Amino acid sequence: MNKIEHIGIAVKDLEAAKQTFKALLGVDFYKEETVASEGVTTVFFKIGGVKIELLQATHPDSPIARFIARRGEGIHHLAFDVDSVTEKTTRLTAEGFQVLNPEARAGADNKLINFIHPKSTHGVLVEICQNKE
Ligand code: ZN
């Protein structure tokens with residue numbers, strides 16, 4: 001892992017959350033993007049070297065909707081920058097981590113991503129991501 005790339009926060013009301021985080025961080029978001037395959041609309045802020053990703057469900061069966069129903073709004077995942085999601089997926093799977101997808105997939109913000117189940121990581125959903133070329 002190279003560094004924390006972003007922190008994902010699940011929210012119910014993206015418009016309200018945008019205003020809250022704009023006021024809190026003192027900067028405006030730089031990107032809003034819907035990833036239909038993941039069932040989310042995302043908004044990104046950048047502060048220092050780290051991004052904050054706000055996630056709102058696009059439909060009631062979205063993983064974000066299920067997360068909020070179970071646990072309420074809040075920190076949803078930590079994302080680590082890696083050189084190769086494919087290589088990390090193979091290595092972490094071999095080491096016994098429960099990686100959610102057999103292969104890297106497209107995420108928001110021009111990334112290839114995968115996730116590690118919180119059961120493998122003491123309750124924290126971990127995303128690994130790399131910039132798409
Ligand atoms: Zn993320």
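Above this text you will find the structure in question.
Computed from a predicted structure; not experimentally measured.

## A short note on helix α2 (residues 63-71)
- All of the buried residues along α2 are I64, A65, F67 and I68. Angular distribution of buried residues about the axis of α2 spans 160°; they occupy a single face of the element. In α2, those exposed residues whose orientation departs by more than 90 degrees from the buried face are A69 and R70.
- On its buried side, α2 packs onto β1 (3-10), β3 (40-47), β4 (50-57) and β5 (74-81).
- Capping the start of α2, S62 holds a side-chain oxygen 3.1 Å from the backbone nitrogen of I64, two or three residues further along.
- One or two steps after α2, the chain reaches G72, where phi turns positive at roughly 80°.

## Side note on the side chain of Q130
- Inspection of the secondary structure puts Q130 in strand β8 (residues 126-131).
- Under the relative-accessibility criterion, Q130 is labelled buried at 15%.
- The contacts of Q130, once residues within four sequence positions are left out, are D81, V82, D83, S84, V85, T86, N110, K111 and L112.

## Side note on the coordination of the zinc ion
- At 2.1 to 2.2 Å from the zinc ion lie its protein donor atoms, namely H6 (NE2), E53 (OE), H77 (NE2) and E127 (OE).
- Because the angles between the 4 donor atoms bound to the zinc ion fall within 85 to 171°, the donor set is best described as irregular.

## Remarks on unusual backbone geometry
- Located in the positive-phi region is N110, a residue other than glycine, with phi close to 60°.
- Its identity as a non-glycine residue notwithstanding, H122 has a phi of 55°, on the positive side.
- Relative to the assigned elements, H122 resides in the loop between β7 (111-116) and β8.

Thresholds applied
- Residues numbered from 1 in each chain as written.
- Predicted model: local features only at pLDDT ≥ 70, side-chain atom pairs only at ≥ 80, totals over all residues.
- Heavy atoms only, no water.
- Buried < 20%, exposed > 50% of the residue type's maximum accessible area, 1.4 Å probe, protein only.
- Helix = DSSP H or I, 4+ residues; strand = E, 2+ residues; numbered from the N terminus.
- Arc of directions from axis to C-beta.
- Contact = heavy atoms within 4.5 Å.
- Polar contact = N/O pair within 3.5 Å; in protein donor to acceptor, adjacent residues only side chain to side chain.
- Donors = N, O, S within 2.8 Å, 3.2 Å for Na, K, Ca; no water.
- Tetrahedral: all angles 85-135°; square planar, octahedral: opposite > 155°, others 65-115°.

By themselves, these figures tell us nothing about what the structure is for.
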